[in-house]
Amino acid sequence: MQSDLQTSLDLNGIAFSHVPVLSQQVIEGLVVSPGGNYLDLTVGGGGHSRLILETAEDVKVTAVDQDEDALKAAKANLAEFSDRVNFIHSNFANYDFPANTYHGILADLGVSSYHLDNPERGFSFRNTANLDMRMNQQQSLTAGDIINDWDEGELADIFFKYGEERLSRRIARRIVEKRPFHTTTELADAIAYSVPPKYRHGRIHPATRVFQALRIVVNDELKVLETLIDKGPHSLVPGGRIAIITFHSLEDRLVKHGLRNLSLLRVLTKKPILAIEAEITENRRSRSAKLRIAEKKNPDE
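What counts, and at which threshold
Residues numbered from 1 in each chain as written. Predicted model: local features only at pLDDT ≥ 70, side-chain atom pairs only at ≥ 80, totals over all residues. Heavy atoms only, no water. Helix = DSSP H or I, 4+ residues; strand = E, 2+ residues; numbered from the N terminus. Rg over C-alpha atoms; globule rule 2.2 N^0.38 Å. Buried < 20%, exposed > 50% of the residue type's maximum accessible area, 1.4 Å probe, protein only. Contact = heavy atoms within 4.5 Å. Areas by Shrake-Rupley, 256 points an atom, 1.4 Å probe, with all protein chains shown as cover. Lys, Arg positive; Asp, Glu negative; His and termini not counted. Charge placed at Lys NZ, Arg CZ, Asp CG, Glu CD. Salt bridge = Lys/Arg side-chain N within 4 Å of Asp/Glu carboxyl O. Patch = residues over 30% accessible without salt bridge, like charges linked within 9 Å, V, L, I, M, F, W, Y side chains within 5 Å.

Asker: Would you explain the overall build of the protein chain in this entry?
Answerer: Across its full length, the protein chain carries 13 helices and 10 strands. A globule of 301 residues ought to have a C-alpha radius of gyration of about 19 Å, and the protein chain, at 20 Å, matches this closely. Split into buried and exposed, the 301 residues of the protein chain put 56% on the buried side. Restricting the contact set of the protein chain to residue pairs at least 6 apart, pairs at least 24 apart contribute 68%. Surface exposure of the protein chain reaches about 13900 Å², of which carbon and sulfur atoms provide 47%. Both charge centroids of the protein chain, one from 37 positive and one from 41 negative side chains, sit 8 Å from each other.

The structure is reproduced here in structure tokens:
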């Protein structure tokens, strides 16, 4: 089923492809109903929004994304629903959440295949690219700025805190010795040669955690997520639900505790919902996805 849900639009020679993860679990978790008003805060290629719009009659979706390429793809994919979709170019932390408006809110925090596969965006070291990593290309701070300008202690701290990299100080020392860096592959090679051979040939490339840390810092991802958890639930109608999909432990921990600590919410997932084996086989990026759902309580509860 997953392949049928894939959305694709060619942008600058790169297909903006998106297979929505945990799709059925999201639709069931949000209890999408006729005439409902839904907020997709990370519309990406529009995969989840399409499912919401197709599930029930007269459903409306507000589709938000900070990436203009994503919005172009979503507009093309959802063109047939144009009268029922409102597109907004914004980081969802800056979205003006209207009170008591939505029957469901969705945030899929994963990086799309388009971002990883498009060398120009600099999210991956699989291809040589500028050290960019900006989701919103109108902002100024890039991964290159951090790598080349921040001091050794700051680099070690972010690699440890946001990448959970235990060799953070060793890697930071090597980066400062060898900089400036201009491309993703230059940086990845320097990281690989700063760690012991056993670590270098492990299950994942030794630069993976550093690149995760850089992406989080460039896009202020955890602060943005905190803002969503703080503001988003107030935008739900009583009985409305918020569903958040995370892809690494830092995000999941924040969502787990953030939803649980809000008195206006009832957490519906004591443990996160995970992809089943069939979906993981179809879509490898779903293997690390975790879905948590909470419901807004009635005022008298």
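Asker: Would you mind going over the pattern of salt bridges with me for this structure?
Answerer: Should their charged atoms come close, side chains of opposite charge can pair. Enumeration over the complete set of coordinates arrives at 11 salt bridges. Here Arg 50 and Glu 54 are joined by a salt bridge, their closest N and O atoms 2.8 Å apart. Pair noted here: Arg 50 and Glu 54 are both in helix 2 (residues 47–55), with a separation of 4 residues, about one helical turn. Look at Arg 50 and you get buried, because its relative accessible area is 17%.

Asker: Help me understand a negative patch on the surface, please; the structure alone is not making it clear to me.
Answerer: The grouping of Asp 151, Glu 152, Glu 154 and Glu 177 at the surface amounts to a negative patch. Tracing the sequence through the fold places Glu 177 in helix 7 (residues 168–178). You can call Glu 177 exposed: its relative accessible area is 55%.

Asker: What is the right way to look at helix 1 (residues 23–30) in this model?
Answerer: Along an α-helix, residues three or four apart share an orientation, since each turn contains 3.6 residues. Among the 8 residues that make up helix 1, 6 are buried, leaving the element largely enclosed by the rest of the structure. All buried positions along helix 1 are accounted for by Ser 23, Gln 25, Val 26, Ile 27, Gly 29 and Leu 30. Immediately downstream of helix 1, the backbone of Val 31 shows phi near 50°, a positive value.

This is a description of form; function is not addressed.
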